[in-house]
Amino acid sequence: NSSDLSTSSFILASIPGLEAAHFWMAIFLCSMYILAVTGNCMVLIIVKTEPSLHAPMYFFLCMLAAIDLALSTSTVPRVLSFYWFNTREISFGACLVQMFLIHTLSAIESTVLLAMAMDRYVAICHPLRHAAILTNAATAKIGLVAMARGVLFFLPLPLLLLPLPFCRSRRLSHSFCLHQDVMNLACANTTPSMVYGLTAILLVMGLDAILICLSYILILKSVLRLASWKERLKVFSTCVAHICVVLAFYVPLIGLSVVHRFGKDLPPLVPIIMGNIYILVPAVLNPIIYGARTKQIQRRILNLI
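- As recorded by an unreviewed UniProt entry, the chain carries the name Olfactory receptor and is attributed to Tauraco erythrolophus.
- Its UniProt record gives the chain a comment under Sequence similarities (unreviewed entry), which states: "Belongs to the G-protein coupled receptor 1 family."

### Focus on the overall build of the chain
Inference 1: The helix and strand inventory of the chain stands at 13 helices and two strands.
Inference 2: In summary, the chain has a C-alpha radius of gyration of 21 Å against a globular reference of 19 Å for 305 residues, a match within 12%.
Inference 3: Taking the principal axes of its C-alpha atoms as reference, the chain extends roughly 70 × 45 × 35 Å.
Inference 4: Buried positions account for 48% of the 305 residues belonging to the chain.

### Some points on the state of the cysteines
Inference 1: Counted according to the given criterion, the structure contains one disulfide.
Inference 2: One disulfide bridge connects Cys-95 with Cys-177, the sulfur atoms lying 2.0 Å from each other. Across the S-S bond linking Cys-95 and Cys-177, the dihedral sits near -120°, which makes this disulfide left-handed. Taken together, the residues Cys-95 in helix α4 (residues 92-125) and Cys-177 in the loop between α7 (156-161) and α8 (179-183) connect sequence positions 82 residues apart.
Inference 3: When its relative accessible area of 0% is taken as the criterion, Cys-95 is described as buried.
Inference 4: With a relative accessible area of 0%, Cys-177 lands in the buried category.
Inference 5: Left without a disulfide partner, Cys-41 is nearest to the cysteine sulfur of Cys-62, which lies 11 Å away.

### Details of the layout of surface pockets
Inference 1: Here the largest pocket defines a volume of roughly 490 Å³.
Inference 2: Lining the largest pocket we find 24 residues, and of these Ile-201, Leu-253, Leu-256, Ser-257 and Arg-261 sit closest to its centre.
Inference 3: Mapped onto the lining of the largest pocket, the elements with two or more residues apiece are α4, α8, α9 (191-224) and α11 (240-262).
Inference 4: Here the lining of the largest pocket gets eight residues from one element, more than from any other, and that element is α9.
Inference 5: In the lining of the largest pocket, the residues fall into 15 nonpolar, eight polar and one charged.

### Focus on the pattern of salt bridges
Inference 1: Under the counting rule described, the total for this entry stands at two salt bridges.
Inference 2: Residues Asp-119 and Arg-120 are paired through a salt bridge, measuring 3.1 Å at the closest nitrogen-oxygen approach. Each member of the pair, Asp-119 as well as Arg-120, carries the same accessibility label: buried.
Inference 3: The shortest N-O distance in the salt bridge between Arg-149 and Asp-208 comes to 2.9 Å. Of this pair, Arg-149 sits in helix α6 (residues 136-154) while Asp-208 sits in helix α9; the two residues are 59 residues apart in sequence, bridging distant segments of the chain.

### A few points about the nonpolar core
Inference 1: With 84 residues, the main nonpolar core has Phe-10 and Leu-113 as its most contacted residues.
Inference 2: If we skip the residues at most four places from it in the chain, Leu-113 touches Leu-64, Ile-212, His-242, Val-245, Val-246, Phe-249 and Tyr-250.

### Quick notes on helix α12 (residues 269-293)
Inference 1: Look at α12: 34 Å from first C-alpha to last across 25 residues, which is about the 36 Å you get at 1.5 Å a residue.
Inference 2: The largest bend in α12 is about 35°, located at Leu-280, with the proline Pro-282 one to four residues further on.

### Some thoughts on a nonpolar patch on the surface
Inference 1: The grouping of Phe-23, Trp-24, Ile-27, Trp-84 and Phe-85 at the surface amounts to a nonpolar patch, some 580 Å² of accessible area in total.
Inference 2: Where the nonpolar patch is concerned, the elements lending two or more residues are α1 (22-49) and α3 (76-85).
Inference 3: When residues in the nonpolar patch are grouped by element, the largest group, three residues, is from α1.
Inference 4: Summarising the element assignment, Trp-24 is placed in helix α1.
Inference 5: Taking relative accessible area as the criterion, Trp-24 reaches 60% and is therefore assigned exposed.

### Concerning the side chain of Arg-120
Inference 1: Assignment of secondary structure puts Arg-120 in helix α4.
Inference 2: Dropping the residues within four chain positions of it, Arg-120 is found in contact with Met-57, Tyr-216, Ile-219, Thr-238 and Cys-239.

### Regarding the UniProt feature "transmembrane region" (unreviewed entry) in the chain
Inference 1: Mapped onto this structure's residue numbering, the UniProt feature "transmembrane region" (unreviewed entry) falls at residues 20-46, 58-84, 90-117, 138-162, 194-219, 240-263 and 269-290.
Inference 2: Helix and strand shares over residues 58-84 are 93% and 0% respectively, and the end C-alpha atoms of the span are 37 Å apart.
Inference 3: Its end C-alpha atoms 38 Å apart, residues 90-117 is made of 93% helix and 7% strand.

### Let's talk about the environment of Leu-214
Inference 1: With respect to the helices, strands and loops of the structure, Leu-214 is situated in helix α9.
Inference 2: Between the alpha carbons of Leu-214 and Ala-117 there is a distance of 9.5 Å; along the sequence they are 97 residues apart.

Rules of the game
- Residues numbered from 1 in each chain as written.
- Predicted model: local features only at pLDDT ≥ 70, side-chain atom pairs only at ≥ 80, totals over all residues.
- Heavy atoms only, no water.
- UniProt positions renumbered as here; feature names shortened; annotations may be inferred.
- Helix = DSSP H or I, 4+ residues; strand = E, 2+ residues; numbered from the N terminus.
- Rg over C-alpha atoms; globule rule 2.2 N^0.38 Å.
- Buried < 20%, exposed > 50% of the residue type's maximum accessible area, 1.4 Å probe, protein only.
- Disulfide = S-S within 2.5 Å.
- 1 Å grid on protein atoms, 1.4 Å probe; cavity = no way out; pocket = protein on both sides within 12 Å on 5 of 7 lines; lining within 4 Å.
- Points joined across faces, edges and corners; volume = space filled by probe spheres on them.
- Nonpolar A, V, L, I, M, F, W, Y, C, P; charged D, E, K, R; others polar.
- Salt bridge = Lys/Arg side-chain N within 4 Å of Asp/Glu carboxyl O.
- Core = buried A, V, L, I, M, F, W, Y, C linked by side-chain atoms within 4.5 Å.
- Contact = heavy atoms within 4.5 Å.
- Expected span 1.5 Å × (residues − 1).
- Bend = angle between axes of the 7 residues up to and from the residue.
- Patch = residues over 30% accessible without salt bridge, like charges linked within 9 Å, V, L, I, M, F, W, Y side chains within 5 Å.
- Areas by Shrake-Rupley, 256 points an atom, 1.4 Å probe, with all protein chains shown as cover.

Right, dumping it as C-alpha cells:
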C-alpha cells in the first residue's frame, strides 16, 4: 500500500508471543508508574515544606522530579491503554507530540544533571564561593535555560517528519513514539532528519555527559589532595547519589541508542524492554536514591508516614 499515511496512525508494538500476558504486564507497569509518581511527588512536597532543603541542590532535585513526572506521564498511560484495552493505534499528530515530549524532557533532564554536577564541583572545589555562585536566582535561570535548550534543539524533530510520506509498515518498535523509530517508517529521503537528530543528541546529551565526566575528574583531583582517607570518603560520599542518578539516566539512554543503531537483528522483545526501562527506571530510582542518601528527606518521609 503506497498511500500517504502521514495523516493516519501508527501501530504500537506488542511483545510477540506474550499477547495473553498483556494484562499482567500492564499491572507491573502500572505499579512502577504509581511508585514513580508517589516518590517524585513526595520529593516535591518535602523540599517545598522543609526550609532546610531550600538550597540549589534540592531545587535541582525538584526539577528532576518534575521532569520524571512529566516524562512518565506522557508515555505510560498510553502504554497501559494499549495493554489493557488493546488500543494499538496512535494518531500521527499524537505520535509527534509524544515524540517531542520524550526527547525534549530527556534533554532538559540531561541539562539538570549537568547543573547538579557543577553544583557538586563548586561545593567541593570552591566551597567558600558556592553560596555566591549558585544563588536561588542563578538556579532558577539554569532551569529556564535547560527548558529553552531542550525545546530549541528538539522542536525541529517533529517538524522535519511532518511533511514526510509514510508508505511502509506502520508498525513501531516500541509502545510509544521515538524519533528514529518513526523516521525509519518514512518512504522518502530521511537524511536531513537523521543528521539533525544525531547532531542534537550529540550536542545535548553527548556534550552533557562529557562535561559531567570532566567535573568529576576535577572533583576527584580535589578530593585526593585531602590528608586522610576518612576525609576523602566523607567528601566524595556527597556525590554518590548524583553519580547513581546519572548512571540511571545515561545507561538506559545509551542502551536504547545502541539498540536502534546496531540492533536490527535483535529480537523484537529487546527494544520494547529497553524502551520501558528508559522511560520508567530513572523516574522510579531517582527519589529512592536521594531518599536513601539524604537524612532530611528520610526524616520528613518518616514524619509523613
